[in-house]
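One letter stands for each residue in the lines below.
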Amino acid sequence: MRDLRGLRRTVVAAVLATVVLSGCSEKQEANESLPTTASLTTESRPQLGPADFPVPDEARERTPEGAVEFVRYYVALTQHLAVTSTPPDPLLELSDECRTCVRVAQSFDSDLAANYTYQEYEYEFEEYGPALIHGDTAEVGFAYVQGPIIAVDSAGQVVPDRSAATPTELQSGASLIWKDSIQSWVITGLTVG
C-alpha cells in the first residue's frame, strides 16, 4: 500500500512538473506595452491644481526634496492665479486648515470681485535647504522676495494697497502634511515674513 502511494505521488509530481515546464518552454513574445514605474505613479494619481498649471510630479514625492518642490509650486500658484485672474480655489484645495492660505484666497477673491488685475507680479523663492520630515509631516524654510507687484483697477489705475513696487525679502516657512488619498503634500501652515 505504501509503495502504491509513493508511486502516485511520483506520478502526480511528474505530471505537475511537465505542465509547469511545458508552459515555460513555449516561446512567448515580450509584452512591449508594460507600464514603467513613472507611468504607474503618474497614471494612478489624480491631477491636482488648475488644468493649465498642475502640480508637477516632483512636487508629489514623499521626500524632503518633494516637500520643497511642493512649497515652490504653491508659491508659484499664487502668482499664476493672480496674473490669470483665476478664482483661488486651488489654494484651498491644496491646503488643510491653513489660516494664511485662507486669507490669501480671500484676498484674491476680493480682487476678482473688485475687477482688479495684475500688470506685474514678480517674486523669488529660495529654499534654505532640504525639508525636515517627521512621519507624514514636513517643514520647509525659505526666503520669499515679493515684488514688484502692480495691481490695477478696471480703469487701469494702480491700487496702492494691493501693490508693492519695491521688492521685499521675507523670511518664510511652511508646514505640510502628506495625504495618501491624493498622493501629495498639502500646506497646513504658511508664514510669510
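I will try to describe carefully the structure that is included in this document.

About the thresholds
- Residues numbered from 1 in each chain as written.
- Predicted model: local features only at pLDDT ≥ 70, side-chain atom pairs only at ≥ 80, totals over all residues.
- Heavy atoms only, no water.
- Helix = DSSP H or I, 4+ residues; strand = E, 2+ residues; numbered from the N terminus.
- Buried < 20%, exposed > 50% of the residue type's maximum accessible area, 1.4 Å probe, protein only.
- Areas by Shrake-Rupley, 256 points an atom, 1.4 Å probe, with all protein chains shown as cover.
- Disulfide = S-S within 2.5 Å.
- 1 Å grid on protein atoms, 1.4 Å probe; cavity = no way out; pocket = protein on both sides within 12 Å on 5 of 7 lines; lining within 4 Å.
- Points joined across faces, edges and corners; volume = space filled by probe spheres on them.
- Nonpolar A, V, L, I, M, F, W, Y, C, P; charged D, E, K, R; others polar.

### Thoughts on the overall build of the protein chain
And then number 1: Summing up its helical and strand segments, the protein chain has 5 helices and 5 strands in all.
And then number 2: Its helices and strands taken in sequence order, the protein chain reads α-α-α-α-α-β-β-β-β-β from the N to the C terminus.
And then number 3: Here the protein chain holds 193 residues, and the buried ones make up 32% of them.
And then number 4: With an accessible surface of roughly 12,000 Å², the protein chain has 53% of that area assigned to carbon and sulfur atoms.

### A few points about the state of the cysteines
And then number 1: Counting across every chain of the model gives 1 disulfide.
And then number 2: Across the disulfide, Cys-98 is cross-linked to Cys-101 (sulfur-sulfur distance 2.3 Å). Between Cys-98 and Cys-101, the disulfide has an S-S torsion of 70° and is therefore right-handed. Taken individually, Cys-98 and Cys-101 each receive the classification buried, so the pair is uniform in this respect.

### Some thoughts on the layout of surface pockets
And then number 1: Of the volumes computed, that of the largest pocket is approximately 500 Å³.
And then number 2: The wall of the largest pocket is formed by 21 residues, among which Val-104, Phe-108, Tyr-121, Tyr-144 and Gln-146 lie closest to the centre.
And then number 3: For the lining of the largest pocket, the element with the highest residue contribution is helix H5 (residues 99-113), accounting for 6 residues.
And then number 4: Here the lining of the largest pocket is built from residues that sort into 13 nonpolar, 5 polar and 3 charged.

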